[in-house]
Amino acid sequence: MDSTDIVRNLISVGKYRAAFQALPTADIRRTSSSSQLLKAEVLAIVGDTVNATQVVETLRTLKTLSDVEKSHLEYVRSFIALEQGAFEEELQYLQKSIYHADRAGDLERACWAQFCLGTHLADKPGPDALESLVTSMRNNAIKLGEPKITAALHILVGLIDAK
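Residues numbered from 1 in each chain as written. Predicted model: local features only at pLDDT ≥ 70, side-chain atom pairs only at ≥ 80, totals over all residues. Heavy atoms only, no water.

K.L.:
Would you mind showing me how to read the overall build of the protein here?
P.N.:
Within the protein, the regular secondary structure consists of nine helices and zero strands. Its helices and strands in sequence order give the protein the pattern α-α-α-α-α-α-α-α-α, from N to C terminus. Over its C-alpha atoms the protein spans a radius of gyration of 16 Å, differing by no more than 12% from the 15 Å that the globule rule assigns to 163 residues. Structurally, the protein occupies a C-alpha span of about 50 × 30 × 30 Å along its principal axes. (Helix = DSSP H or I, 4+ residues; strand = E, 2+ residues; numbered from the N terminus. Rg over C-alpha atoms; globule rule 2.2 N^0.38 Å.)

As structure tokens, then:
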């Protein structure tokens, strides 16, 4: 298991400080795009939006990003926007992340972006805005078979029902 897998596992269980400490310390220009995105994600989660933004802006200029990486990039941008209080931008970045994740077949990233988007849209009046989102997340969760995603789907449906 390489260091990026360790960081991903630590993030998935909410151990952000340990994930930050486990990040590779190599020169950022020499690491892969996916490793840089993982670093930016951890930085954004722990509130270091300045450094996260620097990494993201560097990567945005690359023309060689795959749809998986574009989805991850938009997902990280949504964290940065959330931290900065730019909620409309956050929603746009989440929608872009879902789009690229769907194109790439990255079900896990699509589900997490759908969950984040759904939690924001749950506050909006009327269930119509969420119906297709929840249906899509449910289909992705079934295909993925990941218990954490299924639990997130149940939490989202509970949030919607509580409104």
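K.L.:
Help me understand the layout of surface pockets, please; the structure alone is not making it clear to me.
P.N.:
Considered as a void within the structure, the largest pocket measures approximately 750 Å³ in volume. As for the largest pocket, its lining consists of 24 residues, and the residues nearest its centre are Ile11, Glu41, Glu108, Arg109 and Trp112. Counting only elements with at least two residues in the lining of the largest pocket, the list comes to α1 (3-12), α3 (33-45), α5 (67-83) and α7 (107-121). By residue class, the composition of the lining of the largest pocket is 11 nonpolar, five polar and eight charged. (1 Å grid on protein atoms, 1.4 Å probe; cavity = no way out; pocket = protein on both sides within 12 Å on 5 of 7 lines; lining within 4 Å. Points joined across faces, edges and corners; volume = space filled by probe spheres on them. Nonpolar A, V, L, I, M, F, W, Y, C, P; charged D, E, K, R; others polar.)

K.L.:
Which parts of the structure should I look at to understand α3?
P.N.:
With 13 residues, α3 ought to run about 18 Å at 1.5 Å a step, and its terminal C-alpha atoms sit 18 Å apart, in line with that. By the criterion of burial, α3 is predominantly enclosed, with 10 of the 13 residues buried. Three or more residues of α3 are buried, namely Ser33, Ser35, Gln36, Leu37, Leu38, Ala40, Glu41, Val42, Leu43 and Ala44. Remark: Gly47 follows α3 within two positions and exhibits a positive phi of approximately 95°. (Expected span 1.5 Å × (residues − 1). Buried < 20%, exposed > 50% of the residue type's maximum accessible area, 1.4 Å probe, protein only.)

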